[in-house]
Amino acid sequence: MQVVDSIVSLRSTRQSYTSSVAFVPTMGALHEGHLSLIRLAKKHARHVIVSIFVNPTQFGPTEDFDTYPRTREQDLALLAEVGVDLVLLPTLREIYPHGPEAATKVYVPVLGRRYCGQSRPLFFEGVCSVVLRLFHIVNPTHALFGEKDFQQLTLIRQLVEDLYLPIQIVGGPILREPDGLAMSSRNRYLTPQERVLATAIYATLSQLKSTATPQIKQQVQDSIAVLEQVGIVTDYLTLVHEKTLEETEIPANDTRLLFAGYVGKTRLIDNISLGEDPTFA
Ligand code: PAF
């Protein structure tokens, strides 16, 4: 496994790859969810490139950029173990030569303002801007994103379509802890007590999935109240069409419940498809 910190070095190795290249962008603090994306990447392409970059432009001024876990040595050991060809660990200057504030930005207006975009107004602009840069740097044939960040995955699909990027976007299923909590780098912020509380998120989503009726709107309201009783403050819990992320009140196979909320100070997101989905069984 080769580890590089400059675009020049990355490009020189990338040029030697004559067949398909799958790219997995990450912010590090890798867990089994990332590793499963990499394993999936290996099924799609001959070579796998991973980037680790904690992107400042996707964090709001009061968010956790400074404290976001940085576990470089552990991440590299995991990547070597799972079998990655090339890792890009770029500096801030490499990604934003004019600095993060002055950098050219891209955004997806409608989709980027909904749900997470409401409470994190800079988030998707930051994500799209860095992902587009990384796509230009890496020039992959495939790129993989986890379904846990379902809105992010949908936005990236639109970005790629709108800008005619010749990249196949592949979504990877959510990986869960044995008690159902979706794996996330931010889970390590949870105190032991909060970690127990956090299991209520997936329990609520599963319960809604198995009992969904045409009165889902009321069921969702009741669930938000129950979550609040255990100390989880919901940002949004809503049923959407999977392709468009338009809200709907009619549960169907192609709909998905999206959740974001706070357990203590930690913001967690999760989602569940209302269709047949073996990964959520
Ligand atoms: O999902 C993430 O970890 C980040 O949003 C991404 C896609 C690596 C962009 O910084």
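Scope of this entry: the structure provided in the associated data block. Given the structure is predicted, the values throughout are model-derived calculations rather than measurements.

Conventions used here
Residues numbered from 1 in each chain as written. Predicted model: local features only at pLDDT ≥ 70, side-chain atom pairs only at ≥ 80, totals over all residues. Heavy atoms only, no water. Helix = DSSP H or I, 4+ residues; strand = E, 2+ residues; numbered from the N terminus. Rg over C-alpha atoms; globule rule 2.2 N^0.38 Å. Buried < 20%, exposed > 50% of the residue type's maximum accessible area, 1.4 Å probe, protein only. Contact = heavy atoms within 4.5 Å. Areas by Shrake-Rupley, 256 points an atom, 1.4 Å probe, with all protein chains shown as cover. Axes fitted to C-alpha atoms, helices over the stretch in contact; angles between N-to-C directions. Parallel < 35°, antiparallel > 145°, perpendicular 65-115°, else oblique. Nonpolar A, V, L, I, M, F, W, Y, C, P; charged D, E, K, R; others polar. Phe/Tyr/Trp six-rings, centres within 6.5 Å; stacked < 30°, edge-to-face > 60°. Lys NZ or Arg CZ within 6 Å of the ring centre and 35° of its normal. Near = heavy atom within 4 Å. Polar contact = N/O pair within 3.5 Å; in protein donor to acceptor, adjacent residues only side chain to side chain. Pairing = 2+ DSSP bridges. Expected span 1.5 Å × (residues − 1). Core = buried A, V, L, I, M, F, W, Y, C linked by side-chain atoms within 4.5 Å.

**Description of the overall build of the chain**
Along the backbone of the chain there are 11 helices and nine strands. The C-alpha atoms of the chain give 19 Å as radius of gyration, which agrees with the globular expectation for 281 residues (19 Å, within 12%). Buried positions account for 56% of the 281 residues belonging to the chain. In the chain, the proportion of contacts linking residues at least 24 apart, taken out of those at least 6 apart, comes to 71%. Carbon together with sulfur atoms contributes 53% to the accessible area of the chain, which is approximately 13400 Å² in total.

**Looking at the packing of helix H1 (residues 7-15) against helix H7 (residues 123-138)**
Where H1 contacts H7, the two axes come as close as 9 Å, and the packing angle between them is 50°. Considered as vectors, H1 and H7 are oriented oblique to each other. Residues Ile7, Leu10, Arg11 and Arg14 of H1 form the contact with H7, whose participating residues are His136, Ile137 and Val138. When the residues that make up the contact of H1 with H7 are grouped by side-chain class, the tally is four nonpolar, one polar and two charged.

**Brief notes about the packing of aromatic side chains**
Enumeration according to the criterion identifies seven aromatic pairs in this entry. Ring geometry for Phe59 and Phe65: centres 5.4 Å apart, planes at 65°, overall edge-to-face. Taking the relative accessible area as the measure of exposure, Phe65 reaches 26% and is therefore partly exposed. By way of ring pairs, the aromatic residues Phe23, Phe135 and Phe145 are connected into one cluster. A cation sits over an aromatic face here: Arg70 above Phe65, 4.8 Å from the ring centre.

**Let's talk about the site of the ligand**
Every residue near the ligand is listed here: Pro25, Thr26, Met27, Asn55, Gln58, Val127, Val130, Phe145 and Gln152. A distance of 2.7 Å is found between an oxygen atom of the ligand and a side-chain nitrogen or oxygen belonging to Gln58. For the ligand, an oxygen atom lies 2.8 Å from a polar atom in the side chain of Gln152. Protein chains bury 87% of the 290 Å² of accessible surface belonging to the ligand in isolation. Looking at the shell around the ligand, the elements that each hand over two or more residues are strand E2 (21-26) and H7. Taken together, the residues of the shell around the ligand break down into five nonpolar, four polar and no charged.

**Quick notes on the sheet that holds strand E9 (residues 266-273)**
As summarised here, the arrangement of the three strands in space is E7-E8-E9, forming an open sheet in which the pairing is antiparallel. Looking at which strands have only one partner, the edges of the open sheet turn out to be strand E7 (232-241) and E9. Here the average twist between neighbouring strands, direction ignored, is 15°. Packed on one face of the sheet, helix H11 (residues 216-230) meets E7 and strand E8 (255-263) and runs near 160° to E7.

**Section: the sheet that holds strand E3 (residues 47-52)**
The sheet built from six strands is open, its strands ordered E1-E4-E3-E2-E5-E6 with parallel pairing. Edge positions in the sheet fall to strand E1 (2-4) and strand E6 (168-172), since each has one partner strand and no second. Across the sheet, the mean angle separating the axes of adjacent strands is 25° when strand polarity is ignored. In this structure, strand E5 (residues 142-146) lies alongside E6, joined through five bridges in parallel fashion. For Leu144, the partnering residue across the bridge sits in E6 and is Val170.

**As for H7**
A rise of 1.5 Å per residue sets the reference length of H7, with its 16 residues, at 22 Å; its end C-alpha atoms lie 22 Å apart and thus fit the reference within 8%. Counted residue by residue, H7 has 14 buried out of 16 residues, so it is predominantly covered. Two residues or fewer after H7 comes Asn139, characterised by a positive phi angle close to 55°.

**Focus on the nonpolar core**
In terms of nonpolar packing, the biggest core is built from 45 residues, with Leu10, Ile49, Phe135, Ile137, Phe145, Ile156 and Ile169 touching the most fellow members. Breaking this core down by element, the ones donating at least two residues are H1, E2, strand E4 (86-88), H7, E5, helix H8 (150-162), E7 and E8. Counting residues per element, this core draws most heavily on H7, which supplies 11 residues. With residues up to four places along the chain from it excluded, the contact list for Ile137 reads Ile7, Leu10, Arg11, Leu88 and Ile95. Core analysis: the second largest hydrophobic core is formed by 21 residues, Leu190, Val220, Ile224 and Leu239 among them.

Any functional reading would require information that these geometric values do not contain.
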